[in-house]
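Chain residues, written in single-letter form:
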Amino acid sequence: MNQSWKNILFKANFLLISVFIGGYLFSLLFHQPFHFPSFFSTFLLALGAINALIYYRIILPLKRFADLADEVVDGNLKSPSLEKHEELGELQGSFCKIVDSLIESREAIEHYIKAIGENNQTISNINRQLESKVYSLSVLYSASKAMGNSLSIDGLIRTLLTLVIEKLNISGAAVMLYNDRNDMVVLKDLLGFSPELFAKFRFYSDHKIIVEVFGGSGWWIADEKNIELMKAEFETEAVRALKVFFPMRIKDHFVGLIVLGDKKDGTSYLEADLELIQALSGLATMAINNAALFERSEATKNELDRKVFNLMTLQQSGKVLSSTLNLEELIAISIDMFLETVWANRGVLMLTNDDTMALEVKACKGLNQEDVKKLDIDPTEIWAMTTLQKEKRPILSQELSGKSILQSYTTINKQLPFAVYIPLQKEGELYGVVKIGPKINGEAFTENDLEFFSTLASQAVIAFENARLYSLAITDSITKLYIHRYFQIRLEEEVRRSRRYNSTLTLLMIDIDHFKEINDTYGHQQGDMILREISHILRRNIRSTDIAARYGGEEFVIILPETTQADARIVAERIRKDVAKHEFPSLAQGQLPVHVTISIGVAGFPINATSKDELIQKADSSMYQAKGAGRNKVVLCGIN
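Read on for a plain summary of the structure.

**A few points about the overall build of the chain**
Within the chain, the regular secondary structure consists of 19 helices and 16 strands. In the chain, buried positions account for 40% of the 640 residues. Contacts spanning at least 24 positions in sequence make up 63% of the contacts within the chain whose residues lie at least 6 apart. When the accessible surface of the chain is split by element, carbon and sulfur atoms take 55% of a total near 36400 Å².

This is the structure in structure tokens:
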């Protein structure tokens, strides 16, 4: 106020000075007579009178009015009496009306001010609620964004736990999932809790905890009494950290639980916190359920793909196994199929010996002979084979290892040599065994693999048995060489092939010297033994492409494809010498070993004959020439 009246006086004085200066300049400009002292004195008197008038008639009343107004606003003036202020003059009535109006409006002003304060408080509460809602929405948005980019159950659960711990300032969080196969609720993952919960905290779907969680208003807060009960039941202090349980479900489908600990700042859970976690629980439940459905669909797809692959493999294996009646070829094919179809690189195939009924190794992959021999004395392998012969079904190594109470002290904590053992059965009896090492990719064998092995084993047994029966039909029971009829068929084939490709073919005709005398002297059993020994010598000295057969009685024949007479003579001489120096064990106790010799005739196609029968006749004639020349000789047709 002081500053205001000073401004008024300044402006009035400035106006008067301006008039004085203007009058003086006017008189000089128009050459008017001007008496400066008298004019200046008059100006000063006027200036003082005007300043006094303004101050007392205008400024002073305004100042007093302002002071009264301040007292009214401050509440210090209850019933002002303005009559004594006579100097207000004409302004008195107006000022009284204004002051009375201010006094009358005081209560309204106070009420308004109070309402404004209350509104400010309401607005503040609304702002806090809005901030809480916005934060909750941001957390839910972050959760939906993070969970929407993953179909991994483990990844989704870890994302949920991290969000809860970081965004809501909670000391610990865990997710428990329901397994409908065993009706158990088990911990899947946790953060901030003791890992001891993984081993201890699990229960069935009808447990009291489930009843409490799903029977409440969306969550269950465990009190001290329930904590003590859980501690006694699960035998761990770690349950003390569990405070709030949230259900995870989609309609009537039970997915699992979200378990939380205390807040890090020690405060209690607010209603907004619980509602936010409940919303997160619903979001996570949907994401985890979708991920589970995806994993199941992928597992189903993979299983179907695997079954289709197995069916195609079985179809192909059936074709391959039926393509030959050679038992050795079938064994080699079978061990490869067993290993390749499951991506393994180590295995053994064993078949039962017809005479001794003992299992013999027929083929192996990824092991040397020394490793194979060690299997016979390995206690874990012996125990595995004993179990297999008893149960006669495919057995996984982990299944055998789990039966520790059945193991002897020599096998405990020892790893089995193979990952899976597959029996080969014929009419309920053990025909053989296939042992397979672990998969190259490190995956475990599944029930689907065992089912495939069982089918493949059945196919292999049928192929082996067909080959065995065919072998019996074309081989001699004593010498295990081909019989006469099979020899005739193969010789006809080789003659046609030699004629077509203009290649050479040689036939050896072999006869045991004085064999009748051996039978008469030592008996027919000794004679049979000599026949078997000579057949071994023959097989040892010929190629895999050559064909040895028992022609009849004590006579043998050998077909040598693509072999000249000169090369055939070398083979014949090697056989003759081996037989001559071989000591045939005597069956009679105390007798010396028996020595025998052989005579061999050699004939070639087409140099000596133009047909199969002529070739046999030429070789037979050469053999008799060797006998006539003193026996224990080799005679070549057309040369000797």
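**With respect to helix α10 (residues 327–340)**
One turn of the α-helix equals 3.6 residues, which is why residues spaced by three or four share an orientation. In a regular helix each residue adds 1.5 Å, so 14 residues correspond to 20 Å; α10 covers 20 Å between its end C-alpha atoms and thus fits that length. Those residues of α10 not exposed but buried are L330, I331, S334, I335, M337, F338 and L339. Contact partners of the buried residues in α10: α9 (271–321), β7 (347–352), β8 (359–365), β10 (420–426), β11 (429–436) and α14 (447–474). Its side-chain oxygen at 3.0 Å from the backbone nitrogen of E328, N326 defines the N-terminal cap of α10.

**Topic: the sheet that holds strand β3 (residues 202–204)**
Taken in spatial order, the 6 strands of this open sheet run β3-β2-β1-β6-β5-β4, and their pairing is antiparallel. Every interior strand has two partners, whereas the edge strands, β3 and β4 (220–221), have only one. As defined by bridge partners, strand β2 (residues 184–191) adjoins β3 across 3 bridges and the pair is classed as antiparallel. Bridge pairing links M184 to Y204 in β3.

**Describing the nonpolar core**
Ranked by size, the top nonpolar core spans 32 residues in total, and within it F338, L424, I436, F453 and F464 carry the most contacts. Counting residues per element, this core draws most heavily on α14, which supplies 10 residues. The contact partners of I436, leaving out residues within four places of it in the chain, are F338, L339, V342, A344, R346, G347, F418, A419, V420, I422, F445 and F453.

**Here we look at the layout of surface pockets**
One number sums up the size of the largest pocket: a volume of about 1800 Å³. Taken together, 43 residues form the lining of the largest pocket, with L327, E328, S471, T475 and K480 sitting closest to its centre. Contributions of two or more residues to the lining of the largest pocket are made by α10, β7, β8, β11, α14, α15 (484–501) and β13 (547–552). Partitioned by chemical class, the residues of the lining of the largest pocket number 18 nonpolar, 8 polar and 17 charged. The computed volume of the second largest pocket comes to approximately 610 Å³. Those elements giving two or more residues to the lining of the second largest pocket turn out to be α5 (153–167), β1 (173–179), β2, β6 (253–260) and α9. Among the elements that make up the lining of the second largest pocket, the one with the highest residue count is α9 (7 residues). Taken together, the residues that form the lining of the second largest pocket break down as 9 nonpolar, 4 polar and 6 charged.

**Digging into the packing of α5 against α9**
Contact geometry of α5 with α9 gives a least axis separation of 9 Å together with a crossing angle of 165 degrees. As judged from the angle between their axes, α5 and α9 are roughly antiparallel. Crossing of α5 over α9 shows right-handed handedness. On α9, the residues touching I153, L156, I157, L160 and V164 of α5 are L280, A284, A287, I288, A291, A292 and E295. Along the lines of polarity and charge, the residues of the contact of α5 with α9 split into 11 nonpolar, no polar and 1 charged.

**Looking at the environment of G218**
Note that G218 resides in the loop between α7 (208–215) and β4. Put simply, G218 and L274 are 56 residues apart on the chain and 8.8 Å apart in space, counted from C-alpha to C-alpha. Not counting the four nearest positions on each side in its chain, G218 is found in contact with F246, P247 and Q278.

**Things to note about unusual backbone geometry**
Cis geometry marks the peptide bond from F605 to P606, where omega comes out at 5 degrees. Assignment of secondary structure puts P606 in the loop between β15 (598–605) and α19 (612–628). Residues other than glycine seldom take positive phi values, yet E235 does so here, at roughly 55 degrees. On the secondary structure map, E235 appears in the loop between α8 (224–234) and β5 (244–250). According to the relative accessible area criterion, E235 is exposed, its value standing at 61%. Non-glycine residue W343 carries a positive phi angle of around 55 degrees.

**A short note on the pattern of salt bridges**
Counted by the stated rule, this structure contains 27 salt bridges. R240 is the partner of E237 in a salt bridge, and the nearest nitrogen-oxygen pair spans 3.0 Å. Taking relative accessible area as the criterion, E237 reaches 45% and is therefore assigned partly exposed. Taking the shortest distance from any N to any O, the salt bridge between R497 and E494 comes out at 3.1 Å. With R497 and E494 both in helix α15, this residue pair falls 3 residues apart, about one helical turn. Classification of R497 as partly exposed rests on a relative accessible area of 27%. Several salt bridges converge on common partners, so that one network encompasses E224, E228, K231, E237 and R240.

**Points about the environment of L430**
Inspection of the secondary structure puts L430 in strand β11. A relative accessible area of 17% means that L430 is categorised as buried. Contact partners of L430, with chain neighbours within four places excluded, come to T352, L359, Q389, P423 and L424.

**Concerning the pairing of β5**
Within a regular beta strand, the side chains point alternately toward one face of the sheet and then the other, so they alternate between its two faces. Across the 7 residues of β5, 5 count as buried, placing the element largely inside the fold. Pairing between β4 and β5: 2 bridges, direction antiparallel. Looking at β5, one finds that I221 is bridged to V244. Pairing of β5 with β6 involves 7 bridges; the strand directions are antiparallel. Looking across to β6, one finds that M248 is bridged to G256. Connecting β5 to the antiparallel partner β6 that follows it, the hairpin turn spans 2 residues, and K251 within it adopts a positive phi of roughly 60 degrees.

What counts, and at which threshold
- Residues numbered from 1 in each chain as written.
- Predicted model: local features only at pLDDT ≥ 70, side-chain atom pairs only at ≥ 80, totals over all residues.
- Heavy atoms only, no water.
- Helix = DSSP H or I, 4+ residues; strand = E, 2+ residues; numbered from the N terminus.
- Buried < 20%, exposed > 50% of the residue type's maximum accessible area, 1.4 Å probe, protein only.
- Contact = heavy atoms within 4.5 Å.
- Areas by Shrake-Rupley, 256 points an atom, 1.4 Å probe, with all protein chains shown as cover.
- Expected span 1.5 Å × (residues − 1).
- Polar contact = N/O pair within 3.5 Å; in protein donor to acceptor, adjacent residues only side chain to side chain.
- Pairing = 2+ DSSP bridges.
- Core = buried A, V, L, I, M, F, W, Y, C linked by side-chain atoms within 4.5 Å.
- 1 Å grid on protein atoms, 1.4 Å probe; cavity = no way out; pocket = protein on both sides within 12 Å on 5 of 7 lines; lining within 4 Å.
- Points joined across faces, edges and corners; volume = space filled by probe spheres on them.
- Nonpolar A, V, L, I, M, F, W, Y, C, P; charged D, E, K, R; others polar.
- Axes fitted to C-alpha atoms, helices over the stretch in contact; angles between N-to-C directions.
- Parallel < 35°, antiparallel > 145°, perpendicular 65-115°, else oblique.
- Left-handed = near helix turned anticlockwise from the far one by under 90°.
- Salt bridge = Lys/Arg side-chain N within 4 Å of Asp/Glu carboxyl O.

In short, shape yes, function no, at least from these values alone.
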